[in-house]
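This is what each chain is made of:
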Amino acid sequence: MEYEIIGDDLQIVEIELDPGETVIAEAGGMNYMEDDIHFETRMGDGSQPGGGFMSALKNVGKRMLTGESLFMTHFTHRGSSGKRRVAFAAPYPGKIIPMRPSEFGGEIICEKDAFLCAALGTEVGIAFNRKLGTGFFGGEGFILQRLRGDGRVFVHAGGTIVKKELRGGTLRVDTGCLVAMTSGINYDIQRAGNLKSMVFGGEGLFLATLSGHGTVWLQSLPFSRLADRILANAPSAGGTSTGEGSVLGGLGRLLDGK
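Definitions and limits used
Residues numbered from 1 in each chain as written. Predicted model: local features only at pLDDT ≥ 70, side-chain atom pairs only at ≥ 80, totals over all residues. Heavy atoms only, no water. Helix = DSSP H or I, 4+ residues; strand = E, 2+ residues; numbered from the N terminus. Contact = heavy atoms within 4.5 Å. Phe/Tyr/Trp six-rings, centres within 6.5 Å; stacked < 30°, edge-to-face > 60°. Buried < 20%, exposed > 50% of the residue type's maximum accessible area, 1.4 Å probe, protein only. Salt bridge = Lys/Arg side-chain N within 4 Å of Asp/Glu carboxyl O.

Chemist: Break down the environment of Phe75 for me, citing the residues and quoting the values.
Modeler: Its location among the elements puts Phe75 in strand E6 (residues 71-77). The residues touching Phe75, leaving out its near neighbours within four places in the chain, are Leu17, Glu21, Thr22, Val23, Ala25, Met30, Met33, Ile37, His38, Phe39, Val86 and Phe88.

Chemist: Requested: an account of the packing of aromatic side chains, with residues and values cited.
Modeler: Tallying each qualifying case throughout the model produces 5 aromatic pairs. An angle of 35° between the planes, with centres 5.8 Å apart, marks the rings of Phe39 and Phe75 as tilted. Placement of Phe39 in strand E5 (residues 37-43) and of Phe75 in strand E6 is noted, with a sequence separation of 36 residues between them. For Phe75, a relative accessible area of 3% translates into the label buried.

Chemist: I'd like a description of the pattern of salt bridges, backed by residues and values.
Modeler: Under the counting rule described, the total for this entry stands at 11 salt bridges. Between Glu16 and Arg85 there is a salt bridge, and its shortest N-O distance comes to 2.8 Å. Within this pair, whereas Glu16 is found in strand E2 (residues 12-17), its partner Arg85 is found in strand E7 (residues 84-89), the two being separated by 69 residues in sequence. Looking at Arg85, the relative accessible area reads 28%, which means it is partly exposed. Close ionic contact of Arg84 with Asp36 constitutes a salt bridge, the shortest N to O distance being 3.1 Å. Note that Arg84 is positioned in strand E7 and Asp36 in the loop between strand E4 (30-33) and E5, a separation of 48 residues in sequence. Via salt bridges that share partners, Glu14, Glu16, Glu34 and Arg85 belong to a single interconnected network.

Here's what the structure looks like:
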């Protein structure tokens, strides 16, 4: 499956499909598509087409636990010749990361909102955090997404993406900055220093501790952090405004009825 990632901070991934080839995506992620591309919304990810109703129902239950839509959209090139393109857009500023689970032991574990689209046959499942403390305080809850398959998958994250290789060492990160990791990484949490640091340090009460052997992808701008900054500066939500773009500032907005 050939692809091109277009843009810098608000990226689009454009995927080329041969006749009969299919790509799956989260509902609402499509940006544009060419002639001969047909789409169909289905229950589950389609990784087990012969699984029957109970298999589909099981997949839907998994997606309910992750908070995602119950359905995924399948885009198929129904033409008889040539390549056709379909594109998917990132939901907020950041980067799209192409991955192939088969290159990392067959699976990749990512935060539940990171998955964007993938080749047909990719299994989009769930991975439980078995440690109670990690589930409550780890930033990602008890449930992460598990991506399995031989085809290409595309994951989205906020801001700049940093790829780290761990070879038996330990890496401590902000709990919201973890995007994805391979199955050889152990994920736990620990307190952010002493009581004074936890309360006044500005880094949150806990840090994620990543250890073991494998690959870790980190994001510089988690969506929750971006949303907090927007809300903090939105006058309609009780935030403060600095009057950007207007000499009159607040008086100008008063005259506009805002």
